[in-house]
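Observations on the model geometry
Listed below are the residues making up each chain.
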Amino acid sequence: MITLRKAQDRGHANHGWLDSWHSFSFAGYQDNNHVHFGPLRVINEDRVAAGQGFGSHPHRDMEIISYVLEGELEHKDNMGNGSIIKPGNVQRMSAGTGVVHSEYNPSAVNPAHFLQIWIIPNKAAPASYEEKTFPEEDKRGKFRLVASGTGENGSVTINQDAKLYIGLFDGAETTTLKVNPERLVYVHVARGTVTVNGQKLEAGDAAKIRAESAVTVGEGNGAEVLVFDLPQLQ
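Small disclaimer: the values here were computed from a predicted structure and weren't measured. (Residues numbered from 1 in each chain as written. Predicted model: local features only at pLDDT ≥ 70, side-chain atom pairs only at ≥ 80, totals over all residues. Heavy atoms only, no water.)

Glancing now at the overall build of the protein. Summing up its helical and strand segments, the protein has zero helices and 20 strands in all. Its C-alpha atoms put the protein at 45 × 40 × 35 Å along the principal axes. Counting the 234 residues in the protein, one finds 53% classified as buried. When contacts within the protein are restricted to residue pairs at least 6 apart in sequence, long-range pairs at least 24 apart make up 70% of them. (Helix = DSSP H or I, 4+ residues; strand = E, 2+ residues; numbered from the N terminus. Buried < 20%, exposed > 50% of the residue type's maximum accessible area, 1.4 Å probe, protein only. Contact = heavy atoms within 4.5 Å.)

Written out as structure tokens, the structure reads:
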């Protein structure tokens, strides 16, 4: 069973310095039909103006993944981490019992376009930070595992029995990802157009998939696709 959600049906907030689209209830956007999908709690598509950003603010009890699509994002936290995240990098911050961080666009001229992803953890763990680079060739025409509960295949490690794959698709490139039909799958198209199990999705669109054994992606046009393999919450 596949349920599509169009990009324009997401929540939207434009603060001038920040233009944000919310796939799930967040801040001023509240939608009882889209609070979470399994442990997937937030996908915010954020565009941050040059020289602007989020000042220091706290988080706790959440696995937070930042994935830059265009531009750069400067991260600092009270654990002593500091980094400039660029396209191809996957940053994971486990908020644990509490962490304070800031995120800024360091460019004086270019906007930063990134996805902020929150996943509900399945256990208590201390706050921690991890960042890895996944080059384009690892994602071209196929899905690359970039986050998992086990850290397998060089992925960043999250405190949840979940997996995040990212792939790039153009033209005749196609692939099939086998999934457990007893689990949940969430597909988010970050950019471009693509077909997912025969249905066309555009940038910002999503597919909620239940009781399927495979996710087949193809007919891409500049497509970047995220696939979340998720447990069903009790």
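As a further point, take the sheet that holds strand β10 (residues 99-104). Pairing is antiparallel in the open sheet, where four strands are placed in the order β5-β10-β7-β8. Of all strands in the sheet, those bounded by a partner on one side alone are β5 (53-59) and β8 (82-85). The mean inter-strand angle of the sheet, taken between neighbouring strand axes irrespective of direction, is 20°. (Pairing = 2+ DSSP bridges. Axes fitted to C-alpha atoms, helices over the stretch in contact; angles between N-to-C directions.)

Where charged atoms from two side chains of opposite charge come close, those side chains can pair. Across all of its chains, the model carries 17 salt bridges by this definition. Asp 170 is the salt-bridge partner of Arg 140, the closest N and O atoms lying 3.6 Å from each other. Of this pair, Arg 140 sits in the loop between β12 (128-133) and β13 (143-148) while Asp 170 is found in the loop between β15 (163-169) and β16 (175-178), placing the two residues 30 residues apart along the sequence. According to the relative accessible area criterion, Arg 140 is partly exposed, its value standing at 30%. Taken together, the shared-partner salt bridges connect Glu 136, Arg 140, Asp 170 and Glu 173 into one network. (Salt bridge = Lys/Arg side-chain N within 4 Å of Asp/Glu carboxyl O.)

With that settled, consider the UniProt feature "domain: Pirin N-terminal" (unreviewed entry) in the protein. Mapped onto this numbering, the UniProt entry gives "domain: Pirin N-terminal" (unreviewed entry) at residues 8-119. The annotated region residues 8-119 carries 0% helix and 55% strand content, and the separation between its end C-alpha atoms amounts to 23 Å. (UniProt positions renumbered as here; feature names shortened; annotations may be inferred.)

Pairing in this open sheet of seven strands is antiparallel, and the strands run β2-β3-β4-β11-β6-β9-β12 from one edge to the other. This sheet does not close on itself; its edge strands, each paired only once, are β2 (11-14) and β12. Geometrically, the sheet is characterised by an average inter-axis angle of 15° between neighbouring strands, direction not taken into account. Pairing of strand β9 (residues 89-94) with β12, which is carried by six bridges, proceeds in the antiparallel orientation. Bridge assignment links Gln 91 to a residue of β12, and that residue is Glu 131.

Right, let's get into the side chain of Ser 107. Relative to the helices and strands, Ser 107 resides in the loop between β10 and β11 (112-119). There is a polar contact of 3.1 Å between the side chain of Ser 107 and the backbone nitrogen of Val 109. In this structure, Ser 107 is in contact with Ala 50 and Gly 51, ignoring residues within four places of it in sequence. (Polar contact = N/O pair within 3.5 Å; in protein donor to acceptor, adjacent residues only side chain to side chain.)

For the rest of this paragraph, the subject is the pairing of β13. The buried fraction of β13 is high, at six of six residues. With five bridges connecting them, β13 and β15 associate as antiparallel partners. If you follow Arg 144 over to β15, its bridge partner there is Ile 166. For β13 and strand β14 (residues 156-157), the ladder comprises two bridges, and the chain directions are parallel.

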